[in-house]
Amino acid sequence: MKLNTLQDLLVEELQDIYDAENQILKALPKMAKAASAPQLQQAFEQHLEQSRVHVTRLDQVFQQLGTKSKGKSCKAMQGLITEGEEMIKEKADPAVRDAGLIAAAQRVEHYEMAAYGCARTYARQLGQPQVASLLQQTLDEEGMTDKKLTQLAESLINLEAERAA
Ligand code: FE
Ligand code: FE
């Protein structure tokens, strides 16, 4: 695809996020299964449900922009998920692994926050307030997930990891 306009770039960025979200839908059940703390399992399962909504919102965004929903292989997300899978396979104390899973998941959230933030800004600048608002909703949810993971890490998991050491 040729990038002649900011609108072209917006669509290209959205295709990257669309692929990234679909990769996340496959990875989160594995992360939930690998987590030991029930609160962490629950957090991953909740974010799986949210991520399904994120994909639906992207479908709405593509529709509003008059293009088909399409993914474009997101190599960064492949790498981040590979790192998460390495953590799952690692021989680790369960609490320490939980801390590592949180670290991997927060990298994923930050990537998504950067992607949604850029796309939201382009949509605003292109005079597409409805698209911008859909992207902002998802951006807010990614941010809340990130904060929740930080709280989980602080409140229980890192403490347990210290105790195990
Ligand atoms: Fe997402
Ligand atoms: Fe996310």
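All values reported here derive from a predicted model rather than from experimental measurement.

Peer 1: Describe the coordination of the iron ion (ligand 1), listing the residues and the values that go with them.
Peer 2: Ideal donor angles around a metal are set by the shape: a four-donor tetrahedron calls for 109.5 degrees, a six-donor octahedron for 90 or 180 degrees. Within the first shell, the iron ion (ligand 1) binds the protein through E21 (OE), E21 (OE), H54 (ND1), E112 (OE) and E142 (OE), at distances of 1.9 to 2.6 Å. One chain supplies every donor for the iron ion (ligand 1), spaced along it as E-x32-H-x57-E-x29-E. The distance between the iron ion (ligand 1) and the iron ion (ligand 2) is 3.3 Å, with E112 acting as a donor to both metals. In this pair, E21 is assigned in helix α1 (residues 6–34) and E112 in helix α4 (residues 94–125), connecting sequence segments 91 residues apart. Comparing E21 with E112, the two get one shared label, buried.

Peer 1: Could you give an account of the side chain of T145, with specific residues and numbers?
Peer 2: Within the element layout of this structure, T145 appears in helix α5 (residues 129–164). Of the residues examined, T145 reaches a relative accessible area of 11% and is grouped as buried. A polar contact is formed between the side chain of T145 and the backbone oxygen of E141, at a distance of 2.9 Å.

Peer 1: Account for the coordination of the iron ion (ligand 2), naming residues and giving values.
Peer 2: At this site the iron ion (ligand 2) is bound by H47 (NE2), E109 (OE), E109 (OE), E112 (OE) and E142 (OE), with donor distances of 2.0 to 2.7 Å. Note on E112: relative accessible area 2%, which makes it buried. Accessibility expressed as a relative area gives 0% for E142, which makes it buried.

Peer 1: With reference to specific residues and values, describe the packing of helix α2 (residues 38–64) against α4.
Peer 2: Where α2 contacts α4, the axes come no closer than 13 Å and their chain directions differ by 20°. The angle between the axes of α2 and α4 places the two elements in the roughly parallel class. As for the relative orientation of α2 and α4, their crossing is left-handed in sense. Mapping the contact onto sequence places L40, F44, H47, H54 and L58 in α2 and D98, L101, I102, A105, E109, E112 and Y116 in α4. Looking at the contact of α2 with α4 residue by residue, the class counts come to 7 nonpolar, 2 polar and 3 charged.

Peer 1: Could you give an account of the packing of aromatic side chains, naming the residues involved and the relevant values?
Peer 2: Evaluated as defined, the whole model comprises 1 aromatic pair. An angle of 85° between the planes, with centres 5.5 Å apart, marks the rings of Y18 and F62 as edge-to-face. One end of the pair, Y18, is in helix α1; the other, F62, is in helix α2, and 44 residues separate them in sequence. Residues Y18 and F62 agree in their burial class; the two are buried.

Peer 1: Tell me about the packing of helix α3 (residues 75–89) against α4, and name the residues and values.
Peer 2: Packing of α3 against α4 brings their axes to within 9 Å, and their N-to-C directions diverge by 170°. Here α3 is positioned roughly antiparallel relative to α4, judged by the angle of their axes. The residues of α4 that touch α3, namely those facing A76, M77, L80, E83, G84, M87 and I88, are R97, G100, L101, A104, R107, V108, Y111 and E112. Of the residues that constitute the contact of α3 with α4, the class distribution is 9 nonpolar, 2 polar and 4 charged.

Peer 1: So, the environment of D146: which residues are in play, and what are the values?
Peer 2: Structurally, the position occupied by D146 is in helix α5. On the basis of relative accessible area, D146 is assigned to the buried category, the value being 10%. On a C-alpha basis, the gap between D146 and A105 in space is 8.3 Å, while along the polypeptide they are 41 residues apart.

Calculation criteria
- Residues numbered from 1 in each chain as written.
- Chains lettered and ligands numbered in written order.
- Predicted model: local features only at pLDDT ≥ 70, side-chain atom pairs only at ≥ 80, totals over all residues.
- Heavy atoms only, no water.
- Donors = N, O, S within 2.8 Å, 3.2 Å for Na, K, Ca; no water.
- Helix = DSSP H or I, 4+ residues; strand = E, 2+ residues; numbered from the N terminus.
- Buried < 20%, exposed > 50% of the residue type's maximum accessible area, 1.4 Å probe, protein only.
- Polar contact = N/O pair within 3.5 Å; in protein donor to acceptor, adjacent residues only side chain to side chain.
- Axes fitted to C-alpha atoms, helices over the stretch in contact; angles between N-to-C directions.
- Parallel < 35°, antiparallel > 145°, perpendicular 65-115°, else oblique.
- Left-handed = near helix turned anticlockwise from the far one by under 90°.
- Contact = heavy atoms within 4.5 Å.
- Nonpolar A, V, L, I, M, F, W, Y, C, P; charged D, E, K, R; others polar.
- Phe/Tyr/Trp six-rings, centres within 6.5 Å; stacked < 30°, edge-to-face > 60°.

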